[in-house]
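# Commentary on secondary and tertiary structure
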Amino acid sequence: MRVVLQRVTKASVTIENQLNAEIDLGLLLLVGIEPEDASEDIEWLCRKIVNMRIFNDAECVMNNSLLDAGGDAIIVSQFTLHASTKKGNRPSYIKAAKPDIAIPLYEEFIQTFEKHLGKKVGTGKFGADMQVELLNDGPVTILIDSKNKS
């Protein structure tokens, strides 16, 4: 499972011209799911992300976690994170999980993240055409892959 996390001062997701989620300070998480992913990947990622010290403290040093900062989150499923670009100019998405596998894992990711954060998060809609807006703070953008924990 891959997650691109972006520290934001604001972010939103719009689906079919309707605002689906909106936050101020927090994280926008783009989540890519593979068929091999499991609950262990979700648990590790959620715990790691919620506690990652990437928010500024009073001295403008990244010492605070999302929990410490009291921030919010938006979680968006993004199969394109598993694009293979080795051959040609058209990416292959064969490594991305199909909906029958990905949807339950995406929903479990949301529930697990909410459990660790202690509050509800905003979401996208699996498989929808979404418009995602963000104001990246820093900028801080980090890629985490549960298959590469070292």
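None of the values given here were measured: they were computed from a predicted structure.

### Notes on helix 3 (residues 99–117)
- Taking 1.5 Å as the rise per residue, helix 3 with 19 residues should run 27 Å; its terminal C-alpha atoms sit 26 Å apart, in good agreement.
- Against strand 1 (2–15), strand 3 (26–32), helix 1 (39–51), helix 2 (66–69), strand 6 (72–77) and strand 7 (122–123) lie the buried residues of helix 3.
- Positive backbone phi, approximately 85 degrees, marks G118, located one or two places after helix 3.

### Observations concerning the side chain of D57
- Within the secondary structure layout, D57 lies in the loop between strand 4 (55–56) and strand 5 (62–64).
- Although D57 lies buried, it forms no salt bridge, and the closest oppositely charged side chain, R53, sits 7.3 Å away as judged by the N-O distance.
- Engagement of the side chain of D57 in a polar contact is seen with the side chain of N63, the distance being 2.8 Å.
- Contact partners of D57, with chain neighbours within four places excluded, come to N63 and N64.

### Overview of the pattern of salt bridges
- Taken as a whole and judged by the stated rule, the model has 8 salt bridges.
- With a shortest N-O distance of 3.3 Å, R7 and D137 are connected by a salt bridge. Residue R7 is found in strand 1, and its partner D137 is found in strand 8 (residues 130–145); the two are separated by 130 residues along the sequence.
- Given a relative accessible area of 5%, R7 falls into the buried group.
- For D137, a relative accessible area of 25% puts it in the partly exposed group.
- For D37, the salt bridge is made with K147, and the minimal N-O distance between the two is 2.5 Å. Linking D37 in the loop between strand 3 and helix 1 with K147 in the segment after strand 8, this pair joins segments that are 110 residues apart in sequence.
- Take K147: its relative accessible area is 43%, and that puts it in the partly exposed class.

Each value, and the rule that gives it
- Residues numbered from 1 in each chain as written.
- Predicted model: local features only at pLDDT ≥ 70, side-chain atom pairs only at ≥ 80, totals over all residues.
- Heavy atoms only, no water.
- Helix = DSSP H or I, 4+ residues; strand = E, 2+ residues; numbered from the N terminus.
- Expected span 1.5 Å × (residues − 1).
- Contact = heavy atoms within 4.5 Å.
- Buried < 20%, exposed > 50% of the residue type's maximum accessible area, 1.4 Å probe, protein only.
- Lys, Arg positive; Asp, Glu negative; His and termini not counted.
- Salt bridge = Lys/Arg side-chain N within 4 Å of Asp/Glu carboxyl O.
- Polar contact = N/O pair within 3.5 Å; in protein donor to acceptor, adjacent residues only side chain to side chain.

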